[in-house]
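Secondary and tertiary structure notes
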Amino acid sequence: MDGAMLRLSPALLATLLAALPVLPAPAIAQVSAIAASDLPADPDWRIGTLPTGLTFLIRANATPAVQGTVQLWIGSGSLAEHDAEAGLAHFIEHMAFNGSTNVPEGDMVRLLEREGLAFGADTNASTGFEQTLYRLDLPRADPALLDTALMLLRETAGELTFDPAAVDRERGVVLAELRTRDTYAARETEDEFAFLYPGARFPHRLPVGNAEVLRTTTTPQLRALWQRLYRPGNAALVVVGDFDPAVVEAAIRARFADWTGGLPAAAPNAGPVLHDLAGLTHVHADPALSERVSVVRHGPWTEEPDSTARRRTRLLRQIGYAIVNRRLQRIASAEDPPFKAAGFGTGEVFGTARSTRLIVDVVEGGWQPGLAAAQAEYRRALASGFSDAELAEQLAQLRTAHVQAAAGATTRNHASHVASALALLDDGTVPTTPASALARFEAFAPSITAATVHAALLDDAVPLADPLIRWEGRTPPEGGTQALRAAWDAGTAAPLATVADDATDAWAYTDWGTPGTIIADNTGPLGIRTLTFANDLRVNLKRTDLSANRIALRLGLDGGRLLDTADRPLGTALASALPAGGLGRHSADALQSLFAGRTVQFGLSTGEDRFTLSASTTPADLTLQLQLLAAALTDPGYRPEGEQQHRRSVADFFARAAATPEGTLATQLGAILSDNDPRFSLQPRAEQEAASFADLRATMADRLARGALELALVGDFDEDQAIAAVAATLGTLPAREPDFRPYADNRTRSYTADRSPRILQHDGPASQALLRLSWPTTDGEDQPTALRLELLRRVAQLELTDTLRERLGQTYSPQASASQSRTWPGYGEFALSAAIAPDQVAAARAAMLATITRLAATPIDEDELLRARQPLLQLYANALKGNAGWLGLATRAQSRPEDITRFAAAPDLIAAITPADLQATAARWLDTGQALEVTVLPRP
């Protein structure tokens, strides 16, 4: 055997690492944390290192079945760049898709598309400060596709060519990404870093880079950095999926044995972070920012290897911070609160320091009372500690999380395991099993007291004495930095009032009367069981073993946006805020305490034709979850806290609506497309802020009381027990309407006939613009037509990516969309869009129209059809390997049973689509002379 492999045994791993023929390197050093720790590592990981230093981490996993993921981790990112290389680590990531020794430029993505991987969704990469990650999500776990993935990552690791012409083409793409990311949020982050960490390296090494460096860099510079960072000793392969680990290891050895290279130079320190930095105050104003005050102090960071003792200490700290944040949340949830939200915590700064922060989000102009209230609660927690009731609430939540994780361990998904591997590589966190984590928690629990938690918090939190204070918002505070400092100093000296703990009442909705009876019970296609209760409640059940101990549910209630009319377009505006209004017997805050340690959720969304209450629960908590749903229907609280939440969100939305081209388009497009139909147009801010629960009650109360209901349950449950729980809750309600209403008078939706070009203006950077071309199509009732339009969209996406992104370098992420309504008869749209520079609008328009002209005039070739079709077919092939896919089918299994038939028929219909079909579809719907053009330009 060349190199070494093992199932995780700390003793064997220690022996292996001592004998490796290379010097210590990032991946190897992190993996060594397993041998150094007293934590029992998860034995199902297969970890090894090649003689060259390349580490591999392999795990067999069948959730979802017959799929997998392969990731290449490079232990360096933008922090490793020199000044003249700022942004080049990210540029290299882009070049990985643009030519190597054995894969010509452009062929990597095409090869994967033929195998069913969609660019972006399944094929992607990212660059951070300290690592670069390449991800290939495989729709099939077969050896040939695995070998293809490893071949491509081997090319990325050691065979990139950096052809000068390809570099120049990709230069436009990375500059376009830099331009797109120049937002108010990005500028806020840069300003925050500069204030809090003056002199540190990392604020000057944002991964997206420096425009001048990106414009002038050369092939030799890119290649030099790549050769410096992409070395076996600085890399790891993570493979998780429905594979035989021995086969995966053999494939890795075969592909990567000849990749050689020395160790990279040590990465520069991200700091320095000045631990004694204090007493500074800063104001950052931007019209798009909501108001926030941050209070910060830095302290030293002590590196602690992962161990049982370290995890106990971290648990104590976690509980302490959680209690403080629960207090702050309770204040924010009250009627007329002093702040919108607040948070307190301490985090690592690249291993060079730790920063403790108190962050307070307030309404505009409300920073003084908000800061005073949050500061008082912070001081109270540090001075007086915590109550046994507060500790019990947090322990209940933590215990439940551990119990649920252990119960579902056998069906953890690939992403969960990959996260464990990356945590090991990034910071030396030993991968352990959920069962051992639960055992540790139970061993720790008896010694966890309010006093030990308080002591751990005091030990970790850097005292906010003479802190750094930073304000951000739209209008600078009156009195500026002096007022901010004076307010904090006054709060420090203010006497602290004693606050009594609020008692929590018992759950009030346990007895719903005589259980309902079933009047119809059938099993339909794909094994979905459909029931109808005597009160006309419809229930659709699908038991699966895809996620152990988990149940996904969705309750549909008649109405949705179809209740909004031209004269009352905001009738349902506050529906999503209903949970914040609590229930008649319990406030939203009380519900959180009541449900501590229970897996129940209360959320409501408004769809086109129904309201939906969705949740994820467990068999043990299913009855409680159903009681909550029944209470939401029969006794909504309509408390003012929900109205306040809505008004705050409206204010923030309108403040930033025009801050980006995308925001401007989103706020005005509905009115353009609908000829100002109030139902589909953004209503004025004043009217939205005036919307109330009284309006919602007038619109929705009848639906809550009598509207048709359809409940879908999918997951790991006993059918008899689940049916009994439904019968005892939703089944007891008064009679419902048997069918969802047609709302025929409100199902009209027109697409504007006015094709005159529209020009909108945004308030963001002058370098940003957006172009959108669209056409009306048709609704989604005819499945073959809908599938042709979807496949045509995918072809258009391929072509736009090839032209606007790869050939012209004008945009980072061009988009094609196709939507066919199942709610509004005859309504559908096909659209192309791209974020570009203002001087590129004409060229982008020409490229888009040329694409549409070509698609309508000439059939595409079979290879392009294959690359568009295979990812779509794989979506259908893998849709029912998780509960989400089954829930999508079960949601309307009775109200729209044809959805199941359509799902089953779709793969054959997609496979039968020809190039001529797509040409005819483009010719039928996409007349270039009838495109609706909307351009968003910077405001002069």
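Residues numbered from 1 in each chain as written. Predicted model: local features only at pLDDT ≥ 70, side-chain atom pairs only at ≥ 80, totals over all residues. Heavy atoms only, no water.

With respect to the secondary-structure elements, proline 495 resides in the loop between helix 17 (480-493) and strand 13 (518-523). Measuring from C-alpha to C-alpha, the distance between proline 495 and isoleucine 359 comes to 21 Å, with 136 residues separating the pair along the chain. (Helix = DSSP H or I, 4+ residues; strand = E, 2+ residues; numbered from the N terminus.)

On to the packing of aromatic side chains. Inspection of the entire model under this criterion finds 20 aromatic pairs. Ring centres of phenylalanine 97 and phenylalanine 119 lie 5.9 Å apart, and the angle between their planes is 75°; this geometry places the pair in the edge-to-face category. Highlighted residues: phenylalanine 97 in the loop between helix 3 (88-95) and helix 4 (107-114) and phenylalanine 119 in the loop between helix 4 and strand 5 (123-127), separated in sequence by 22 residues. Here tyrosine 751 and tyrosine 827 contribute two aromatic rings whose centre-to-centre distance is 6.0 Å and whose plane-to-plane angle is 40°, an arrangement assigned as tilted. In this pair, tyrosine 751 sits in the loop between helix 24 (719-727) and strand 20 (758-762) while tyrosine 827 sits in the loop between strand 22 (815-820) and strand 23 (828-836), placing the two residues 76 residues apart along the sequence. What makes tyrosine 827 buried here is its relative accessible area of 8%. Aromatic rings pair up to connect Phe129, Phe193, Tyr197, Phe202 and Phe350 into one cluster. In this structure, lysine 542 is placed above the aromatic ring of tryptophan 886, and the distance from its NZ or CZ to the ring centre is 4.5 Å. (Phe/Tyr/Trp six-rings, centres within 6.5 Å; stacked < 30°, edge-to-face > 60°. Buried < 20%, exposed > 50% of the residue type's maximum accessible area, 1.4 Å probe, protein only. Lys NZ or Arg CZ within 6 Å of the ring centre and 35° of its normal.)

All right, on to the sheet that holds strand 20 then. Strand pairing in a sheet is mediated by backbone hydrogen bonds. Such pairs are either parallel or antiparallel. An order of 20-24-21-23-22 is seen for the 5 strands of this open sheet, with the pairing classed as mixed. Lying at the two open borders of the sheet, with one neighbouring strand each, are strand 20 and strand 22. Taken over all neighbouring pairs, the strand axes of this sheet differ in orientation by 20° on average, direction set aside. Where strand 21 (residues 769-776) and strand 24 (residues 932-938) come together, 5 bridges link them in antiparallel fashion. When the bridges of strand 24 are listed, leucine 771 appears paired with threonine 935. (Pairing = 2+ DSSP bridges. Axes fitted to C-alpha atoms, helices over the stretch in contact; angles between N-to-C directions.)

Here we take up the sheet that holds strand 12 (residues 468-473). Spatially, 5 strands are ordered 8-12-9-11-10 in an open sheet, and the strand pairing comes out mixed. Since the sheet does not close on itself, it has two edges, and those belong to strand 8 (281-285) and strand 10 (341-349), each with one partner. Taking each pair of neighbouring strands and ignoring which way they run, the sheet shows an average axis angle of 15°. Bridging between strand 9 (residues 291-299) and strand 12 involves 5 bridges; their strand directions are antiparallel. Among the inter-strand pairings, valine 296 is bridged to a residue of strand 12, identified as leucine 468. Here helix 12 (residues 367-384) sits on the sheet and contacts strand 9, strand 10, strand 11 (353-362) and strand 12; the angle it forms with strand 11, its principal contact strand, is near 135°. Set on the sheet, helix 17 makes contact with strand 8, strand 9, strand 11 and strand 12; between it and strand 8 the angle comes to about 125°. (Contact = heavy atoms within 4.5 Å.)

Moving on, we come to the packing of helix 3 against helix 9 (residues 219-229). Relative to each other, helix 3 and helix 9 sit at 95°, their axes nearing to 10 Å. One element, helix 3, and the other, helix 9, form an angle in the roughly perpendicular class. In this structure, helix 3 contributes Leu88, Ala89, Phe91 and Ile92 to the contact, and helix 9 contributes Gln221, Leu222, Leu225 and Trp226. Of the residues that constitute the contact of helix 3 with helix 9, the class distribution is 7 nonpolar, 1 polar and no charged. (Parallel < 35°, antiparallel > 145°, perpendicular 65-115°, else oblique. Nonpolar A, V, L, I, M, F, W, Y, C, P; charged D, E, K, R; others polar.)

In this section: the nonpolar core. Membership of the largest hydrophobic core comes to 67 residues, with the highest contact counts inside it found for Trp507, Met700, Leu713 and Leu730. Among the elements that take part in this core, helix 19 (residues 622-634) stands out by supplying 9 residues, more than any other. Lining this core are residues from two domains, each supplying at least three of them: domain 3 (519-638 + 699-742) and domain 4 (758-938). Beyond its immediate sequence surroundings of up to four residues, methionine 700 is in contact with Leu557, Ala575, Leu578, Leu604 and Phe611. In this structure, Leu146, Phe162, Leu225 and Leu229 belong to the second largest nonpolar core, which totals 57 residues. (Core = buried A, V, L, I, M, F, W, Y, C linked by side-chain atoms within 4.5 Å. Domains from an automatic or database assignment.)

Before going further, it helps to examine the UniProt feature "domain: Peptidase M16 N-terminal" (unreviewed entry) in the protein chain. Here the UniProt feature "domain: Peptidase M16 N-terminal" (unreviewed entry) sits at residues 61-184. Helix makes up 40% of residues 61-184 and strand 15%. Its end C-alpha atoms lie 42 Å apart. (UniProt positions renumbered as here; feature names shortened; annotations may be inferred.)

Turning to unusual backbone geometry, a few remarks are in order. Between threonine 63 and the following residue, proline 64, the backbone shows a cis peptide bond with an omega angle of 0°. The topology assignment puts proline 64 in the loop between strand 3 (55-60) and strand 4 (68-74). A cis geometry characterises the amide bond from glycine 271 onward to proline 272, with omega recorded as 5°. Topologically, proline 272 is positioned in the loop between helix 10 (245-256) and strand 8. At phenylalanine 350, a position not held by glycine, the phi torsion is positive, near 50°. For aspartate 675, which is not glycine, the phi dihedral falls at a positive 55°. Within the secondary structure layout, aspartate 675 lies in the loop between helix 21 (661-674) and helix 22 (685-690).

Bringing the pattern of salt bridges into the picture now. Here the structure, examined in full by the defined rule, presents 69 salt bridges. When the shortest N-O distance is used, the salt bridge between arginine 326 and glutamate 393 registers 2.8 Å. Linking arginine 326 in helix 11 (residues 308-332) with glutamate 393 in helix 13 (residues 388-407), this pair joins segments that are 67 residues apart in sequence. On the basis of relative accessible area, arginine 326 is assigned to the buried category, the value being 5%. Owing to a relative accessible area of 11%, glutamate 393 belongs among the buried residues under this scheme. Residue glutamate 781 pairs with arginine 822 through a salt bridge whose shortest N-O separation is 2.9 Å. Note that glutamate 781 is positioned in the loop between strand 21 and helix 25 (783-807) and arginine 822 in the loop between strand 22 and strand 23, a separation of 41 residues in sequence. Since its relative accessible area comes to 22%, arginine 822 is described here as partly exposed. Each of Asp558, Asp702, Arg703, Arg706, Glu737 and Arg741 takes part in salt bridges that share partners, so that together they form one network. (Salt bridge = Lys/Arg side-chain N within 4 Å of Asp/Glu carboxyl O.)

Okay, the domain arrangement of the protein chain next. Many authors give the size of an interface as the accessible area that is lost as the parts come together. Entries for the protein chain in the domain assignment read domain 1 (27-257), domain 2 (281-408 + 431-493), domain 3 (519-638 + 699-742) and domain 4 (758-938). Taking only C-alpha atoms, the centre of domain 3 and the centre of domain 4 are 33 Å apart. With 27 residues of domain 3 in contact, the opposing surface of domain 4 contributes 19 residues. Where domain 3 abuts domain 4, roughly 2000 Å² becomes buried across the two surfaces, and 62% of that area is made up of carbon and sulfur atoms. (Buried area = accessible area lost by both parts, 1.4 Å probe.)

Together, Glu130, Glu303, Glu348, Asp426 and Asp427 make up a negatively charged patch on the protein surface. With respect to the helices and strands, aspartate 426 occurs in helix 14 (residues 414-427). (Patch = residues over 30% accessible without salt bridge, like charges linked within 9 Å, V, L, I, M, F, W, Y side chains within 5 Å. Areas by Shrake-Rupley, 256 points an atom, 1.4 Å probe, with all protein chains shown as cover. Lys, Arg positive; Asp, Glu negative; His and termini not counted. Charge placed at Lys NZ, Arg CZ, Asp CG, Glu CD.)

Further remarks concern the side chain of aspartate 191. Here aspartate 191 lies in helix 7 (residues 184-196). Of note is the side chain of aspartate 191, whose polar atom sits 2.9 Å from the side chain of histidine 282. Polar contacts involving the side chain of aspartate 191 include one to the side chain of arginine 470, which spans 2.9 Å. Apart from the residues lying within four places of it in its own chain, the contact partners of aspartate 191 are His282, His284 and Arg470. (Polar contact = N/O pair within 3.5 Å; in protein donor to acceptor, adjacent residues only side chain to side chain.)

Let's shift gears to the side chain of glutamate 472. With respect to the helices and strands, the residue glutamate 472 is situated in strand 12. Side chain to side chain, glutamate 472 and arginine 470 meet in a polar contact 2.6 Å long. With near-sequence residues (within four places) excluded, glutamate 472 lies in contact with Glu188, His284, Leu289, Ser290, Glu291 and Arg292.

Right, let's talk about helix 21 for a bit. Taking 1.5 Å per residue, 14 residues should reach 20 Å; helix 21 reaches 20 Å between its end C-alpha atoms and fits that length. If you look at helix 21, its biggest bend is around 40°, right at glutamine 668. Taking burial as the measure, the 14 residues of helix 21 include 10 buried ones, the bulk of the element. Along helix 21, the residues that are buried comprise Pro661, Gly663, Thr664, Leu665, Thr667, Leu669, Ala671, Ile672, Leu673 and Ser674. Tucked into the core, helix 21 has its buried residues touching helix 20 (640-656), strand 20, strand 21, strand 23 and strand 24. (Expected span 1.5 Å × (residues − 1). Bend = angle between axes of the 7 residues up to and from the residue.)

By secondary structure assignment, the location of threonine 148 is in helix 5 (residues 143-158). By relative accessible area, which is 16% here, threonine 148 ends up buried. The spatial distance from the C-alpha of threonine 148 to the C-alpha of leucine 111 is 9.0 Å, given a sequence separation of 37 residues.

Before going further, it helps to examine the confidence of the model for the protein chain. Of the residues in the protein chain, 96% reach a pLDDT of 70 or more, and the chain-wide mean stands at 93. A low-confidence stretch, residues 1-25 stays under pLDDT 50, and its non-local contacts, those more than four residues away or across chains, total 53 contacts. (pLDDT = per-residue confidence, 0-100.)

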